[in-house]
Amino acid sequence: MLVKASAPGSMMLLGEYAVLQGKQALVCAVDQRITVRLLPRDDKKIKISSMLGDYESEIATLKIAAPFEFILTTLKKFTELMPHGCDLTITSDFSHKIGLGSSAAVTVATLAAIKTWLDQAVDAKTLLNDARAIVREVQGLGSGADVAASVYGGMVAYKMQPMLAEKILPTHSITAVYSGYKTPTVTAVRQVEKFFSPQPHLYQDICAAIDNCAVQGIRAARAENWQGLGDTMNAQQILMQSLGVNTPDLNAIVLALRRHKNVLGAKISGSGLGDCIIALGNAGDLNWGNNDIKTLPVSMSSQGVVCEKN
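Note that the coordinates shown come from a computational prediction; the quantities given were computed from them, not determined experimentally.

Rules used in this analysis
Residues numbered from 1 in each chain as written. Predicted model: local features only at pLDDT ≥ 70, side-chain atom pairs only at ≥ 80, totals over all residues. Heavy atoms only, no water. Phe/Tyr/Trp six-rings, centres within 6.5 Å; stacked < 30°, edge-to-face > 60°. Helix = DSSP H or I, 4+ residues; strand = E, 2+ residues; numbered from the N terminus. Buried < 20%, exposed > 50% of the residue type's maximum accessible area, 1.4 Å probe, protein only. Polar contact = N/O pair within 3.5 Å; in protein donor to acceptor, adjacent residues only side chain to side chain. Contact = heavy atoms within 4.5 Å. Axes fitted to C-alpha atoms, helices over the stretch in contact; angles between N-to-C directions. Parallel < 35°, antiparallel > 145°, perpendicular 65-115°, else oblique. Left-handed = near helix turned anticlockwise from the far one by under 90°.

*Asks:* Describe the packing of aromatic side chains, with residues and values.
*Replies:* Summed over the entire model, instances satisfying the criterion amount to 3 aromatic pairs. Taking 6.4 Å as the distance between ring centres and 70 degrees as the angle between the ring planes, the aromatic pair formed by Tyr-55 and Phe-68 counts as edge-to-face. With a gap of 13 residues between them, Tyr-55 in strand 4 (residues 53-58) and Phe-68 in the loop between strand 4 and helix 1 (69-76) connect regions that are remote in the sequence. Judged by its relative accessible area of 3%, Phe-68 is buried. Plain terms: the ring middles of Phe-195 and Phe-196 are 5.1 Å apart, the flat faces sit at 85 degrees to each other, and that makes the pair edge-to-face. Here the aromatic residues Phe-195, Phe-196 and Tyr-203 are joined through ring pairs into a cluster of three or more.

As structure tokens, then:
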């Protein structure tokens, strides 16, 4: 019996930082996926194989180790229920170095594969709650917005508490550009929190304004008002600048994308200080004059997690 599960990567359209404060966000799944193949064994061993390396352990002595923290933390939730060990083979359409919610995608895919193997229900809400808890356990923080996109696919209006995950059916063309470097999300968030620690009310005011952008953007997406969504993305980019997570490199990419005739709006996607820029509209593969900056071959995808057992 082979279990195969895959989940899409994701990009944030609106709501960064504010979503960690319980505000709303708009996130989208992309057509770059992470796939987990699970093959049960006859013994009690766990083996993981991926482009990042290999891991092997007995079920009883399973320990969390880099770079498989998300996979191993997921496995440990089920060790007492496992009748045997298993081989896990992880493949990805994209590099973990460029973001795209790789941690969320691999957690969702691994969780779906294990639940299917053990004949447990794989309903979207339970999968979202369980995967979100695992990501938080590993990272120490996490809104779960990227997890929601990996579970549901498409565009998702998301709120952490009380949890809201509403799939919005229409999709739109996007352009994603990797800046050539990445600051880990936790590092970026902690840096922003430290910067605003003498003025916490100012931070809350900025997050409230970002939340307002998310609310307006969700309304525009539901109505397929794409220009309205693009305008709101441009507005939130100003707030990202206020948080101190913009850089000259990121700003140059944003401005170049906005000059393209097909682009309705562009902003940092994620925690900033590197990583990706997302534009609403197809800007093609622009010449950036820098080999480290890359236009990524991604589109919005309406397909969330999928799992099958043969």
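From this point on, the discussion continues.
*Asks:* I'd like to hear about the side chain of Arg-41, residue by residue, with values.
*Replies:* In this fold, Arg-41 is placed in the loop between strand 2 (24-40) and strand 3 (45-50). Exposure remark for Arg-41: the relative accessible area of 16% places this residue in the buried category. Engagement of the side chain of Arg-41 in a polar contact is seen with the side chain of Asp-43, the distance being 2.7 Å. At 2.8 Å, the side chain of Arg-41 and the side chain of Asp-87 are in polar contact. The contact partners of Arg-41, leaving out residues within four places of it in the chain, are Lys-47, His-84, Gly-85, Cys-86 and Asp-87.

*Asks:* Talk me through the packing of helix 2 (residues 102-117) against helix 4 (residues 145-152); I want residue IDs and the actual numbers.
*Replies:* Between helix 2 and helix 4, the shortest axis-to-axis distance is 8 Å and the interhelical angle comes to 50 degrees. The angle between helix 2 and helix 4 falls in the class oblique. In the crossing of helix 2 with helix 4, the sense of the turn from one axis to the other is right-handed. Residue-level inspection shows Ala-104, Ala-105 and Val-108 of helix 2 in contact with helix 4, the latter providing Asp-146, Val-147, Ser-150 and Val-151.

Any link to function would need more than the numbers given here.
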